[in-house]
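Here's the letter readout for the chains.
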Amino acid sequence: MKTAEPTIAEIADIARRARIQILKAVAHAKGGHVGGPYSAIDMLATLYFRVLNVRPDEPDWPDRDRFVLSKGHSSIALYTILAMRGFFDMEELATFDSIDSRLQGHPDMTITPGVDMSSGSLGLGFAGALGIALGARTLGKDFTTYVMLGDGECNEGIVWEGAHVANRYHLDNIVAIIDQNNLQQFGWRGDTETERLTPYVGDELAGRWKAFGWHVLEVDGHDIQAFLDTVEKARAVSGSPVAIVAHTIKGKGVSYMEDNYTWHSRVPTEEEFAIAMQELGDTKAGER
Amino acid sequence: MTSLAPGKALRVAFGETIAELARTDPRLVVLDGDTGSSTRTDFFENEHPERFFQMGITEQNMLGMAAGMATLGLIPIVSTFACFIVSRAHDSIRVLIAQPKLNVKLMGGYAGLLAGMTGKTHLIFDDISIMRAMANMTVIAPADEIETRKALPAIIDHPGPVYLRLTRPNSPILFDDDYEFEIGKAVTLREGSDITVFSTGLQSVRAYEAAQTLATEGIDVHLVHVPTIKPLDVDAIVSAAAKTDLVMTSEEHTIVGGLGGAIAETLAEHHPVTVKRHGLQDVFGESGPDAALLEKYGISPSKTAEAVRETVRSHKA
């Protein structure tokens with residue numbers, strides 16, 4: 001059961017507020033990831049507030065759409081959106097990454113309401129999602145499975161094993177969203193001392209998915225209306241699996257983090273935190 | 001000594017039984033890693049093609065997809081060579097199956113030293129050590145076709161992941177048709193007073209034959225078959241060890257961490273006695289005829305008898 005549909009502007013505001021919560025959680029935990037969650041958060045907000053047919057008060061409802069965050073290191077982004085959507089209390093975000101918390105560093109399906117598949121060891125969530133989709137077809141269920149991968153994650157061989165199998169089975173009840181922010185944690189050194197080369201150059205990544213038989217759509221992952229339209233298009237495709245290659249900016253939303261690979265996983269200083277809160281329009285800026 | 005009647009390979013019993021169980025259990029699905037004609041999931045494919053999924057040669061993906069299917073209430077049986085399940089797809093099993101305790105059954109065919117002239121790349125005999133070290137995992141190694149048939153319904157009924165270790169060759173019949181398999185229970189194959197031998201898998205047949213031979217020489221072996229290596233039948237193991245206060249373990253598996261490791265750990269805690277571990281030493285395997293490999297690597301029936309003799313002799317000395 002979806003909530004009353006929020007507008008595009010309202011989803012943008014949800015994502016903005018989520019960015020604030022994410023940084024607060026990471027600062028509080030003194031650990032976690034920021035860059036990847038920020039590149040993914042506009043899409044996650046759109047999925048959970050406009051696309052996914054889920055019931056926050058009945059997280060295990062069998063006919064729900066499934067979502068798997070295969071890029072599991074962006075867990076805090078998923079937790080934040082799940083909390084905002086009502087799967088658990090916002091206060092629980094403060095327990096992120098701590099002992100006995102339901103919100104572990106990487107998603108754990110056994111403890112967190114709304115997490116459909118454990119993930120974090122890269123590429124594995126994708127395989128799990130494919131299994132959900134194939135199982136759903138076997139059981140005659142008509143929900144859709146969405147899975148989000150990082151572009152760096154697509155280094156993993158298991159991703160291409162799965163891409164191959166999905167094509168053989170013409171799995172058209174799964175939508176893979178590739179968060180192509182063009183930076184991975186440390187990556188390959190470029191020509192200059194500080195340059196880090198992208199995981200995939202130009203349209204190489206989209207080309208790979210096409211070469212594996214997937215129907216590929218491309219979109220700006222921060223343009224909420226465009227993303228929503230692209231998801232609709234993806235759901236209309238039949239006979240082949242669909243990959244949405246979403247072009248995003250790592251650290252999107254905070255000036256000094258954008259396109260800076262060092263913000264893959266980093267805890268902000270007091271000063272950095274204050275600047276971020278101000279840029280994100282937190283009315284209680286600086287309160288950690 | 002009466003020799004045991006010939007029987008089918010465990011993988012054949014496995015293939016026939018899962019096809020049969022699927023007639024009444026719609027939750028069963030099979031995922032095959034392009035080895036169905038070897039691990040004999042072809043019986044299942046022929047009878048239930050709509051529930052048979054060819055995953056190709058994508059073991060990491062195959063184990064992950066099985067996990068996804070299990071979240072929907074299906075019971076996936078994943079089948080390929082043991083080496084590719086246990087070592088190649090280890091991370092998928094650990095993160096997606098064992099940690100969430102999903103109901104996936106892992107069938108590692110071709111475990112042990114004998115894999116049909118394939119050589120060391122296709123041999124795995126540290127699989128018991130690896131799988132029993134993984135939390136939430138149950139590890140079962142049947143000895144013959146009867147036990148394989150009896151074990152499968154129990155494995156399907158058992159909630160959570162199970163690693164079923166099957167060896168490739170035909171196995172003589174060790175059990176009667178009325179044998180009752182229970183997960184976690186050890187079985188006494190022979191009462192004896194000089195030494196207790198614990199064995200598992202097809203090696204139990206060789207140990208049984210060795211015990212028959214030794215009886216004619218005046219060495220009275222108490223033989224206990226341990227089909228469930230995890231969870232171990234601690235009470236049965238302690239009481240059997242207490243009968244003789246001299247123990248040997250025997251397995252078609254490395255002596256590092258497998259059945260021998262499990263028994264030694266248990267007895268060290270509960271009933272310290274001398275434990276001699278018999279099995280494959282710290283080696284990798286090679287190609288060759290089965291009988292010659294068993295001799296060279298020291299686990300044939302005659303070599304097993306020799307190991308028992310040596311253990312008894314050195315204990316008395």
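A quick note: this is a predicted structure, and the numbers were derived from the prediction, not measured.

*Asks:* So, the overall build of chain A: which residues are in play, and what are the values?
*Replies:* Along its length, chain A carries eight helices and seven strands. The C-alpha atoms of chain A give a radius of gyration of 18 Å, which matches the 19 Å a tight globule of 288 residues would have. Considered along the principal axes of its C-alpha atoms, chain A spans approximately 50 × 50 × 35 Å. Here the contacts in chain A between residues at least 6 apart in sequence split such that 73% fall between residues at least 24 apart. Of the roughly 11300 Å² of accessible surface on chain A, a fraction of 48% belongs to carbon and sulfur atoms.

*Asks:* Quick rundown of the sheet that holds strand E9 (residues 221–225) of chain B? Include the residues and the values.
*Replies:* Residue and element names in this part refer to chain B. Spatially, the five strands line up as an open sheet ordered E7-E9-E8-E11-E12, and their pairing is mixed. The two strands at the open ends of the sheet, each matched to only one other strand, are strand E7 (187–190) and strand E12 (274–280). Within the sheet, the average angular offset between the axes of one strand and its neighbour, ignoring direction, is 25°. Direction of pairing for strand E11 (residues 246–254) relative to E12: parallel, over a ladder of six bridges. Of the residues in E12, the one forming a bridge with Leu246 is Thr274. The sheet contacts of helix H11 (residues 259–270) involve strand E8 (195–199), E11 and E12, and relative to E11 the element is tilted by about 150°.

*Asks:* Talk me through the confidence of the model for chain B; I want residue IDs and the actual numbers.
*Replies:* Averaged over all residues, the pLDDT of chain B is 97; the fraction at 70 or higher stands at 99%. The ipTM, which scores confidence in the relative placement of chains, is 0.96 for this predicted complex, and the corresponding pTM is 0.96.

*Asks:* Could you give an account of the pattern of salt bridges, naming the residues involved and the relevant values?
*Replies:* Once their charged atoms are close, side chains differing in charge can pair, the charge on each being opposite to the other. If you walk through the whole model with that rule in mind, you get 30 salt bridges over all chains. Arg55 of chain A is paired through a salt bridge with Glu58 of chain A; the nearest N and O atoms lie 3.1 Å apart. For the salt bridge of Asp220 of chain B with Arg190 of chain B, the shortest nitrogen-to-oxygen distance reads 2.9 Å. Within this pair, whereas Asp220 of chain B is found in the loop between helix H9 (203–215) and E9, its partner Arg190 of chain B is found in strand E7, the two being separated by 30 residues in sequence.

*Asks:* Residues and numbers for the packing of aromatic side chains, please.
*Replies:* Residue and element names in this part refer to chain A. One pass over the full model with this rule turns up 14 aromatic pairs over all chains. Sitting over the face of the ring of Phe143, Arg66 holds its NZ or CZ atom 4.2 Å from the ring centroid. Stacked on the ring of Phe186, the Lys or Arg Arg196 has its end atom at 4.1 Å from the ring centre.

*Asks:* Outline a negative patch on the surface, listing residues and values.
*Replies:* Together, Asp176, Asp177, Asp178, Glu180 and Glu182 of chain B give the surface a local cluster of negative charge. Residue placement: Glu182 of chain B occurs in the loop between strand E6 (162–165) and E7.

*Asks:* Lay out the environment of Glu204 of chain A in plain terms, naming residues and giving numbers.
*Replies:* By the secondary structure assignment, Glu204 of chain A is in helix H6 (residues 204–211). With 57 residues separating them along the chain, Glu204 of chain A and Val147 of chain A place their C-alpha atoms 20 Å apart.

*Asks:* Break down the interface of chain B and chain A for me, citing the residues and quoting the values.
*Replies:* Tallying the contact residues gives 24 residues for chain B and 24 residues for chain A. Regarding the contact of chain B and chain A, the summed buried area is about 2000 Å², with carbon and sulfur atoms giving 74% of it. Ranking the residues of chain B by area buried against chain A places Met65, Leu72 and Leu96 of chain B at the top, with a combined share of 28%. For the pair chain B and chain A, the interface holds zero salt bridges. Put simply, chain B and chain A have four residue pairs in polar contact (both at pLDDT 80 or more) between them. Contributions of two or more residues to the side of chain B that touches chain A are made by strand E2 (52–54), helix H4 (59–70) and helix H6 (90–98) of chain B. When residues of the side of chain B that touches chain A are assigned to their parent elements, the largest contribution, eight residues, is made by H4 of chain B. A class-by-class count of the residues in the side of chain B that touches chain A yields twelve nonpolar, nine polar and three charged.

*Asks:* I'd like a description of H11 of chain B, backed by residues and values.
*Replies:* Every α-helix winds through 3.6 residues per turn, so residues three or four apart in the chain are directed the same way. Residues and elements named next belong to chain B. Given a rise of 1.5 Å per residue, twelve residues ought to cover 16 Å, and the 16 Å separating the end C-alpha atoms of H11 matches this to within 8%. Every buried residue of H11 is accounted for by Leu259, Gly260, Gly261, Ala262, Ile263, Thr266 and Leu267. Buried residues along H11 sit against helix H7 (127–132), E8, strand E10 (228–230), helix H10 (234–244), E11 and E12.

*Asks:* Describe the packing of H9 of chain B against helix H13 (residues 301–316) of chain B, with residues and values.
*Replies:* All names here are of chain B. At a closest axis distance of 8 Å, the pairing of H9 and H13 adopts a crossing angle of 60°. Of the possible angle classes, the one that applies to H9 and H13 is oblique. Remark: the crossing between H9 and H13 carries right-handed chirality. Of the residues in H13, those touching H9 at Gln203, Arg206, Ala207, Glu209, Ala210, Thr213 and Leu214 are Pro301, Thr304, Ala305, Val308 and Arg309.

About the thresholds
Every chain is numbered independently, its residues counted from 1 as its sequence is written. Chains carry letters and ligands carry numbers; both start at the beginning, A for chains and 1 for ligands, and go up in the order they are written. Local features in a predicted model are, by the rule used here, given only for residues with pLDDT of at least 70; side-chain atom pairs are given and counted only at 80 or more, and totals for whole chains, interfaces and linings are based on all residues. Note that the side-chain values use all heavy atoms of the structure and ignore hydrogens as well as water. Helix and strand assignments come from DSSP, with helices taken as H or I runs of at least 4 residues and strands as E runs of at least 2, each series counted from the N terminus. Here the globule rule is a power law, 2.2 Å times the number of residues to the power 0.38, and the radius of gyration is based on C-alpha atoms. Residue contacts are defined here by distance: any two heavy atoms, one from each residue, within 4.5 Å place the two residues in contact. Method for areas: the Shrake-Rupley scheme with a 1.4 Å probe, in which residue coverage is limited to the protein chains shown. Whether two strands pair comes down to DSSP finding at least two bridges between them. In this analysis an axis means a line fitted to C-alpha atoms, helices contributing only their contacting stretch, and an angle means the value between N-to-C directions, from 0 to 180 degrees. pLDDT expresses, on a scale from 0 to 100, how confident the predictor is about each individual residue. In the sections that follow, a salt bridge refers to a side-chain nitrogen of Lys or Arg positioned within 4 Å of a carboxyl oxygen of Asp or Glu. For Phe, Tyr and Trp, where Trp contributes only its six-membered ring, two rings pair if their centres lie within 6.5 Å, and the inter-plane angle classes them as stacked under 30 degrees, edge-to-face over 60, or tilted in between. In our convention, an over-ring charge means Lys NZ or Arg CZ found within 6 Å of a ring centre and within 35 degrees of that ring's normal. Like charges are joined within 9 Å and nonpolar side chains (Val, Leu, Ile, Met, Phe, Trp, Tyr) within 5 Å, but only among residues with over 30% relative accessible area and no salt bridge; these make up the patches. Counted as positive: Lys and Arg. Counted as negative: Asp and Glu. His and the chain ends are not counted at all. Think of each charge as sitting on NZ of Lys, CZ of Arg, CG of Asp or CD of Glu. Summed over both partners, the accessible surface that disappears when two parts come together, traced with a 1.4 Å probe, is what is meant by buried area. Polar contact is the term for a pair of N or O atoms within 3.5 Å; when the atoms are in protein, one must be able to donate a hydrogen and the other to accept it, and sequence-neighboring residues count only if both atoms are side-chain atoms. We call Asp, Glu, Lys and Arg charged. Ala, Val, Leu, Ile, Met, Phe, Trp, Tyr, Cys and Pro are nonpolar, and the rest, Gly among them, are polar. Expected span of a helix: the number of residues minus one, times 1.5 Å. Only protein chains enter the accessibility calculation, which uses a 1.4 Å probe; a residue is then buried when its area is under 20% of its type maximum, exposed when over 50%, and partly exposed in between. Throughout this description, any angle smaller than 35 degrees is read as roughly parallel, any larger than 145 degrees as roughly antiparallel, any in the 65 to 115 degree range as roughly perpendicular, and the remainder as oblique. Handedness of a helix crossing follows the sense of rotation of the near helix relative to the far helix, less than a right angle counterclockwise being left-handed and clockwise being right-handed.

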